[in-house]
Amino acid sequence: WAPWQALHGAPLTELSGDQDFQLFLQRNLEFTRKIRGDVAALQRVVCDTFQLCKEDELLLVRQDMDITQVPLEQCHKRTFQAETCFSQIRAGLRVYQGSLATIQALLPRHAGLVETLQLDMANLSSNIQQQMEDLGLATVTYPSENQDPRPTFSTHFHHQVGGFFILANFQRFLETAYRALRHLASL
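Residues numbered from 1 in each chain as written. Predicted model: local features only at pLDDT ≥ 70, side-chain atom pairs only at ≥ 80, totals over all residues. Heavy atoms only, no water.

Where an unreviewed UniProt entry is consulted, the chain appears under the name Colony stimulating factor 3, with the organism given as Cyanoderma ruficeps. Within the UniProt record for the chain, the comment given under Sequence similarities (unreviewed entry) is "Belongs to the IL-6 superfamily." Per its UniProt entry, the chain bears the Subcellular location (unreviewed entry) comment "Secreted". (UniProt positions renumbered as here; feature names shortened; annotations may be inferred.)

Contact pair helix α3 (residues 82-106) / helix α4 (residues 111-134): the axes reach a minimum separation of 10 Å and the direction vectors enclose 165 degrees. By the angle between their directions, the pair α3 and α4 is classed as roughly antiparallel. The way α3 lies across α4 gives a crossing that is left-handed. Contacts from Glu 83, Phe 86, Ser 87, Ile 89, Arg 90, Leu 93, Tyr 96, Gln 97, Leu 100, Ala 101, Ile 103 and Gln 104 in α3 reach Ala 111, Val 114, Glu 115, Leu 117, Gln 118, Met 121, Ala 122, Leu 124, Ser 125, Ile 128, Gln 129 and Met 132 in α4. A breakdown of the residues in the contact of α3 with α4 according to their chemical character gives 15 nonpolar, six polar and three charged. (Axes fitted to C-alpha atoms, helices over the stretch in contact; angles between N-to-C directions. Helix = DSSP H or I, 4+ residues; strand = E, 2+ residues; numbered from the N terminus. Parallel < 35°, antiparallel > 145°, perpendicular 65-115°, else oblique. Left-handed = near helix turned anticlockwise from the far one by under 90°. Contact = heavy atoms within 4.5 Å. Nonpolar A, V, L, I, M, F, W, Y, C, P; charged D, E, K, R; others polar.)

Moving on, we get to the state of the cysteines. Under the criterion given, the structure shown has two disulfides. For Cys 47, the disulfide goes to Cys 53, at an S-S distance of 1.8 Å. One quick way to see it: the torsion about the S-S bond of Cys 47 and Cys 53 is about 95 degrees, and its sign makes the bridge right-handed. In this model Cys 75 forms its disulfide with Cys 85; the gap between the sulfur atoms is 2.0 Å. Disulfide Cys 75 to Cys 85: torsion about the S-S bond roughly 105 degrees, handedness right-handed. Placement of Cys 75 in the loop between α2 (59-62) and α3 and of Cys 85 in helix α3 is noted, with a sequence separation of 10 residues between them. (Disulfide = S-S within 2.5 Å.)

Our focus in this paragraph is the pattern of salt bridges. Across all of its chains, the model carries seven salt bridges by this definition. Across the salt bridge formed by Glu 55 and Arg 62, the nearest N and O atoms sit 3.8 Å from each other. Look at Glu 55 and you get partly exposed, because its relative accessible area is 24%. Residue Glu 175 pairs with Arg 179 through a salt bridge whose shortest N-O separation is 2.9 Å. Of this pair, Glu 175 and Arg 179 both sit in helix α5 (residues 156-185), four residues apart, roughly one helical turn. Residue Glu 175 is classed as partly exposed on the basis of its relative accessible area, which comes to 21%. Owing to a relative accessible area of 18%, Arg 179 belongs among the buried residues under this scheme. One salt-bridge network, in which partners are shared between bridges, spans Lys 34, Asp 38 and Asp 120. (Salt bridge = Lys/Arg side-chain N within 4 Å of Asp/Glu carboxyl O. Buried < 20%, exposed > 50% of the residue type's maximum accessible area, 1.4 Å probe, protein only.)

Encoded structure:
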């Protein structure tokens, strides 16, 4: 069973013909694709630099770590609601934006890519917030100075593995967000 297969009926059919909403979806599908590509590039760097490439080989180490997997269940339930899905995407982007500091510390030579990724994430979150406001949906704005604390690691190896899992989890998060946006675009 794949969660995105449950995206059947969204109560936004009245928006399916809204050109501004469709334009928003198309632009942000492309934006999400770009972010996914940047995360994949960082995953390749982690693989090449630390030989950390396969998740199943690292699962035992992961058990001892506090790496968050941001939930997006509101984006693939049968009772899909754009408002709650968009809110979860924005909250998740906020969490991962804070977690990228771990990646930046781990890969200082790739700080420019990490900073670009953080800026793109902030812009995507802002785009979603603006669209929610335009649609009259409830929005929650999180204060930027109270970001979730960075995970801490007991050893450099744990830091490397933590970076690997942050990127792997973020990539899964982006995949679900992308599918939710694509679903809305197909209505």
